[in-house]
Amino acid sequence: MQYISTKDKNLKVSFEEAVKRGLAPNRGLFMPETYVKMPEEFWANLFDMPLEEIGYQVGKQYVGDEIPDSDFKKLCSEVLNFDIPLVNVKDRIYSLELFHGPTCAFKDVGARFMARCLGYFSSRNNEKTVILVATSGDTGSAVANGFLGVDGVEVVILYPSGKVSEIQEKQLTTNGKNITALEVNGVFDDCQRLVKTAFEKFDTQGKFKLTSANSINIARLIPQSFYYYHAVAQLKTFDNVICVPSGNFGNITGGIFAWKSGLPVKHFVAATNINDTVPQYLASGKYTPKPSVQTISNAMDVGDPSNFERLDMIFGHNSENFGKTISSYSFTDEQTRNKMRSTFEQYGYLLDPHGAVGMLGLEKYLNGSNIAGIFLETAHPTKFLDTVKETVGVSPALPDALKACLNKQKVSVKIENDYNELKNFLQQRFL
């Protein structure tokens, strides 16, 4: 399998090179040159296949022989060693709980997969790698956990000051070792622009590899396709709709990868908060990015989602084709709170704000039909403890994985929304 740029189909690299680069030299995003097609035997056995076997069977189509079979099986076993259950919330409405990993967020899957792939390549080639990543909440903590203590890899996380939850900030800033948190005076989109500018302009002088662990990195996206197969395997029917709470649109792109491989999902829904760039695109046919607005579902506070570029390529740069497979709706904080409250009161199921947006989007699309629907519950409710307590009136028990970081001292480096400040930091730290 080779990988091409969204900006130039003639630019082709290996999986290893795509992972190491993160972003193509022309600032395009890497995509598989051809879409994976899973064999009939895979579909015949899917309903009885454990998650780690799904990961292995699907992942090896993308990795090929660049990681030996025995090593790749071990890698998948290590990455997918926690439960991702499908929970029935109400009649024919299911929650895929992606928060049972070490940082209690869906990004554990992608970050751990990428960490082990990059760690394998770095150790084999005796290279030093610097991971530069922007986060609106959960990406940074998942990346930090995935790469913590990995030899030859340093991680620099940019996050918007005052715009992540307390628990999220603790997870970003209390790791030490090879993890550094940069607290940016700005919003997530500013952090993301700084990262992209660094990839375009920063001169590493050949002393290290600079790459990203955002969902712009193909090694984050590929494993995010695994749990869509797993959801369908647990539901044991191919007649379903899947709704994904969406910010940077990496998670739903993973779902589309699975769909392109033959996973027979009837339709996808991308549910957003009031950062509604993609819903507006589907309504107007014009993609018009806008400044992000802060909401209680902060991981989706993205006004210019990076992975739109990938989806746009998949659907032939045509909004009508896009809309035939993906519908997209936006919801306010008030609607989100009402859904959190009513779901707990009626069904005893506790949603985090992102899962609430996902459930809203799913129900709006289904509109009472008898089709089974799955929404992705992307983070544990305790990661948004104040919002959950204020909205629902209960304080969920804190998982052990989150308790550990709360009593640690926050350590961050504050910088302005200025590329020169990021450049100076990288030069002083790594050159």
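Everything below is about the structure shown above.
What counts and how
- Residues numbered from 1 in each chain as written.
- Predicted model: local features only at pLDDT ≥ 70, side-chain atom pairs only at ≥ 80, totals over all residues.
- Heavy atoms only, no water.
- Helix = DSSP H or I, 4+ residues; strand = E, 2+ residues; numbered from the N terminus.
- Rg over C-alpha atoms; globule rule 2.2 N^0.38 Å.
- Buried < 20%, exposed > 50% of the residue type's maximum accessible area, 1.4 Å probe, protein only.
- Contact = heavy atoms within 4.5 Å.
- Lys, Arg positive; Asp, Glu negative; His and termini not counted.
- Charge placed at Lys NZ, Arg CZ, Asp CG, Glu CD.
- Salt bridge = Lys/Arg side-chain N within 4 Å of Asp/Glu carboxyl O.
- 1 Å grid on protein atoms, 1.4 Å probe; cavity = no way out; pocket = protein on both sides within 12 Å on 5 of 7 lines; lining within 4 Å.
- Points joined across faces, edges and corners; volume = space filled by probe spheres on them.
- Nonpolar A, V, L, I, M, F, W, Y, C, P; charged D, E, K, R; others polar.
- Pairing = 2+ DSSP bridges.
- Axes fitted to C-alpha atoms, helices over the stretch in contact; angles between N-to-C directions.
- Expected span 1.5 Å × (residues − 1).
- Phe/Tyr/Trp six-rings, centres within 6.5 Å; stacked < 30°, edge-to-face > 60°.
- Lys NZ or Arg CZ within 6 Å of the ring centre and 35° of its normal.

Caption draft 1: Fine view of the overall build of the protein chain. Of the regular secondary structure elements, the protein chain holds 19 helices and 14 strands. In summary, the protein chain has a C-alpha radius of gyration of 20 Å against a globular reference of 22 Å for 431 residues, a match within 12%. When the backbone C-alpha atoms are referred to their principal axes, the protein chain occupies close to 60 × 50 × 45 Å. Counting every position in the protein chain, which comprises 431 residues, the buried fraction comes to 61%. Put simply, 76% of the contacts in the protein chain that link residues at least 6 apart link residues at least 24 apart. Put simply, the protein chain has 45 plus and 48 minus side-chain charges, and the middle of one group is 2 Å from the middle of the other.

Caption draft 2: Structural view of the pattern of salt bridges. Scanning all chains against the criterion turns up 17 salt bridges. For the salt bridge of Glu17 with Arg21, the shortest nitrogen-to-oxygen distance reads 2.9 Å. Highlighted residues: Glu17 and Arg21, both in helix α1 (residues 15-21), separated by 4 residues, approximately one helical turn. Judged by its relative accessible area of 24%, Glu17 is partly exposed. Arg27 is the partner of Glu200 in a salt bridge, and the nearest nitrogen-oxygen pair spans 2.8 Å. Of this pair, Glu200 sits in helix α8 (residues 188-201) while Arg27 sits in the loop between α1 and β3 (30-32); the two residues are 173 residues apart in sequence, bridging distant segments of the chain. Residue Glu200 is classed as partly exposed on the basis of its relative accessible area of 47%. Residue classification places Arg27 among the partly exposed residues on the basis of a relative accessible area of 30%.

Caption draft 3: Summary view of empty space enclosed by the protein. The tally for this structure, following the rule as stated, stands at 2 cavities of 30 Å³ or more. Taken together, 24 residues make up the lining of the largest cavity; nearest its centre are Phe106, Lys107, Gly247, Asn248 and Ala299. Elements represented by at least two residues in the lining of the largest cavity include exactly α6 (138-147), α9 (218-224) and α11 (250-260). Looking at the lining of the largest cavity residue by residue, the class counts come to 8 nonpolar, 13 polar and 3 charged.

Caption draft 4: How the structure looks around the sheet that holds strand β2 (residues 8-13). Strands sit in the order β2-β1-β3 across an open sheet of 3 strands; the sheet is antiparallel. With one partner strand each, in any of the chains shown, β2 and β3 form the two edges of the open sheet. Each adjacent strand pair in this sheet contributes to an overall mean axis angle of 45°, direction not counted. Summarising the sheet, strand β1 (residues 3-5) and β2 pair through 3 bridges and their orientation is antiparallel. Bridged to Tyr3 within β2 is Val13.

Caption draft 5: View of the sheet that holds strand β8 (residues 179-185). Within the open sheet, the 5 strands sit side by side as β9-β6-β7-β8-β14. Their pairing is parallel. Either end of the sheet is taken by a strand with one partner, and the two such strands are β9 (209-211) and β14 (413-416). Along the sheet, successive strands turn relative to each other by an average axial angle of 25°, direction set aside. Of the strand pairs in this sheet, strand β6 (residues 129-134) and strand β7 (residues 153-160) are connected by 6 bridges, and their pairing is parallel. By the bridge assignment for β7, Ile131 is matched with Val155. Seen against the sheet, helix α7 (residues 166-173) touches β7 and β8 and runs at an angle of roughly 155° to β7. Strands β6, β7, β8 and β9 of the sheet are contacted by α8, whose axis makes an angle of about 150° with β6.

Caption draft 6: Fine view of α8. In a regular helix each residue adds 1.5 Å, so 14 residues correspond to 20 Å; α8 covers 20 Å between its end C-alpha atoms and thus fits that length. α8 sits mainly inside the fold: 10 of its 14 residues count as buried. Of the surrounding elements, those touching the buried residues of α8 are α1, β6, β7, β8, β9 and α19 (419-430).

Caption draft 7: Up close: helix α16 (residues 353-366). With 14 residues, α16 should reach 20 Å at 1.5 Å per residue; the first-to-last C-alpha distance of 20 Å fits that figure. The buried fraction of α16 is high, at 11 of 14 residues. For α16, the full list of buried residues reads Pro353, His354, Gly355, Ala356, Val357, Gly358, Met359, Leu360, Gly361, Leu362 and Leu366.

Caption draft 8: Region of the structure containing the packing of aromatic side chains. Counting across every chain of the model gives 23 aromatic pairs. Relative to Phe15, the ring of Tyr3 has its centre 6.0 Å away and its plane inclined at 50°; by these criteria the two rings are tilted. A residue pair is termed long-range when its members are at least 10 positions apart, and Tyr3 in strand β1 and Phe15 in helix α1 qualify at 12 residues. Pair check on accessibility: Tyr3 and Phe15 agree, each one buried. Through successive ring pairs, a cluster of aromatic residues spans Trp259, Tyr281, Tyr287, Phe308, Phe315 and Phe322. The cationic tip of Lys260 hangs over the ring face of Tyr35; the distance from NZ or CZ to the ring centre is 4.6 Å.

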